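Letter by letter, the chains look like this.
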Amino acid sequence: MLDATGHVYLDYTAANLIPQSLVARHTALLRDHLLGNPHSSNPSSALTTTFVDQARLSVLEFFNADPDEYVVIFTGNATQALKLVGESYHFSESGEYVLTFDNHNSVNGIREFARVKGCPTIYVPVVLPEMRVNDAELAFVLERGGAGGPRLFAYPAQSNFSGVQHPLDWIPFAQERGWDVLLDAAAFTPTNPLDLSRWSPDFVSQSFYKMFGYPTGVGCLIARKEALAKLRRPWFAGGTITVASVQGDRYYLAEGASAFEDGTPNYLALPGVAFGLEYLTSIGIDVIHKHVTQLTADLIERLTALRHSNGAALARIYGPRSAIRRGGTVTFNMYDQHGRAIDHRDVEARANAANISLRTGCFCNPGGGEIALGITGTDLSSCFHQPEHETHLTIDDFRLCIDGKSTGAVRVSLGLVSNLADVAGFTTFAETFLT
Ligand SMILES: Cc1ncc(COP(=O)(O)O)c(C=O)c1O
């Protein structure tokens, strides 16, 4: 499809492309089997349950997770997985919620559940130019005794803003000091192995369309049984209880994953998840990792080599300029030969016209954006506290009130089927900004 249309697809951090073989295999399964709603013993239901169980097992196997230690809870996407943790975590006034500046909004939003329960939220910054966390600063925050309440530490294994891979050895470091660790793996797992026999985060969130493109509408929370047992769901729903009564005004939650899967799961899609994981395994996640790493190194090299006629660099990259401890997400802004920023919206418009799919803005990662673009807490609070912005703020208002500073960047991201021609196609496009 890419070759036929001359499309340069550079948005893998948003979504992987659809493997046709996977769609064909899934379609054949739906054609050849009679599948009903699970949660019953009739034959159509029982067969569906078999496929759902298989999908659950495939996820555990893919991540090398011990079924005695971990459960897989199917959700609609990574965001729903994160919300399950946020709404059920036993935040308290004597606890803490610690997270990195570099996080997707679906992790940032958990702070609102913490806030309602009076639990303080602490952000640990990332530092330019690489946009990594200062390890000593993080250690200081994690090592403080705290007031004895439950403590949750959340971070992304890979940044969807800068591509930085944050160290997985923060997981045991935090756990040894009494923290529960929520690892947002959504941007990491499409191109990196995550071995849950080596690393034991308490909670892992992800969306499957990011890993293998199809099906959409399914993600999961992989949870350590011990950590899951401490969560308290704020409600019950169809599928999550053993018994609920109207007149008796009581309900009894089901055990394990069932207590967290609200209503009917996306049961027709789940066999596709098992096939998708087999598809990645057939290629080899290590092969994918190596491929994307090499292309990323090439992309960065070409982008940083672009110079205007007066020698000024075209692009400033936010994040590592080598392929070490980073993924295939490269975020930057372009500048003219006088050092004036080229509006990222213009870059996007020209890319669209050239049939290149890239992404601009802050990618739902405002902390990453604020650090990269030098937007300070003072800029933000004077903007947010203007009376007209009490309840409503459009992106254009925001741009105006932070005094014309750039509010976004350009992101190109590579994945499973990216190739050298994509990198070359992008470089040719970037060259059109040189003067
Ligand atoms: C790091 C990270 N976390 C979470 C999400 C949210 O994923 P979804 O929109 O599929 O829920 C994304 C999506 O881009 C992401 O990149």
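Everything discussed here concerns the structure shown above.
Computed from a predicted model, the values in this text were never measured in an experiment.

Asker: Even after reading the chapter, I still don't get the overall build of the chain, so can you show me in this structure?
Answerer: Helix and strand counts for the chain stand at 17 helices and 18 strands. The C-alpha atoms of the chain give a radius of gyration of 23 Å, which matches the 22 Å a tight globule of 435 residues would have. With the C-alpha coordinates of the chain rotated into their principal frame, the extents come out at 75 × 55 × 40 Å. The buried share among the 435 residues of the chain stands at 51%. Residue pairs at least 24 apart in sequence account for 70% of intrachain contacts in the chain once pairs closer than 6 positions are excluded. For the chain, the exposed surface amounts to about 19200 Å²; the carbon and sulfur share of it is 55%. Averaged over its 33 positive side-chain charges, the chain has a centre that lies 2 Å from the centre of its 45 negative ones.

Asker: Just to check I follow, could you spell out the side chain of T296 for this structure?
Answerer: Positionally, T296 belongs in helix α12 (residues 285-305). What makes T296 buried here is its relative accessible area of 1%. Setting aside residues no more than four positions away along its own chain, T296 makes contact with R326, G327, G328, V330 and L414.

Asker: Explain the nonpolar core to me, please; I cannot follow it from the model alone.
Answerer: Nonpolar side chains tend to gather and get buried jointly when the protein is soluble and globular. One finds V59, F153, F332 and F426 to be the most contacted residues of the largest nonpolar core, which totals 96 residues. For this core, the element with the highest residue contribution is α12, accounting for seven residues. Apart from residues no more than four positions distant in its own chain, F332 is found in contact with L303, A315, R316, I317, Y318, A409, V410, V412 and F426. With 26 residues, the next largest nonpolar core counts L82, V107, F203 and L221 among its residues.

Asker: What exactly am I supposed to notice about the site of the ligand here?
Answerer: Within the structure, the ligand sits among N77, A78, T79, H104, N160, D184, A186, A187, S207, Y209 and K210. Contacts to the ligand include T79, whose side-chain N or O atom sits 2.5 Å from an oxygen atom. One of the side-chain N or O atoms of Y209 is found 2.6 Å from an oxygen atom in the ligand. Surface burial for the ligand is 88%, taken as the share of its 390 Å² of free accessible area covered by protein chains. Sorting the residues of the shell around the ligand by element identifies α4 (78-88) and α9 (208-212) as the ones contributing at least two each. Of the residues that constitute the shell around the ligand, the class distribution is four nonpolar, five polar and two charged.

Parameters at a glance
Residues numbered from 1 in each chain as written. Predicted model: local features only at pLDDT ≥ 70, side-chain atom pairs only at ≥ 80, totals over all residues. Heavy atoms only, no water. Helix = DSSP H or I, 4+ residues; strand = E, 2+ residues; numbered from the N terminus. Rg over C-alpha atoms; globule rule 2.2 N^0.38 Å. Buried < 20%, exposed > 50% of the residue type's maximum accessible area, 1.4 Å probe, protein only. Contact = heavy atoms within 4.5 Å. Areas by Shrake-Rupley, 256 points an atom, 1.4 Å probe, with all protein chains shown as cover. Lys, Arg positive; Asp, Glu negative; His and termini not counted. Charge placed at Lys NZ, Arg CZ, Asp CG, Glu CD. Core = buried A, V, L, I, M, F, W, Y, C linked by side-chain atoms within 4.5 Å. Near = heavy atom within 4 Å. Polar contact = N/O pair within 3.5 Å; in protein donor to acceptor, adjacent residues only side chain to side chain. Nonpolar A, V, L, I, M, F, W, Y, C, P; charged D, E, K, R; others polar.

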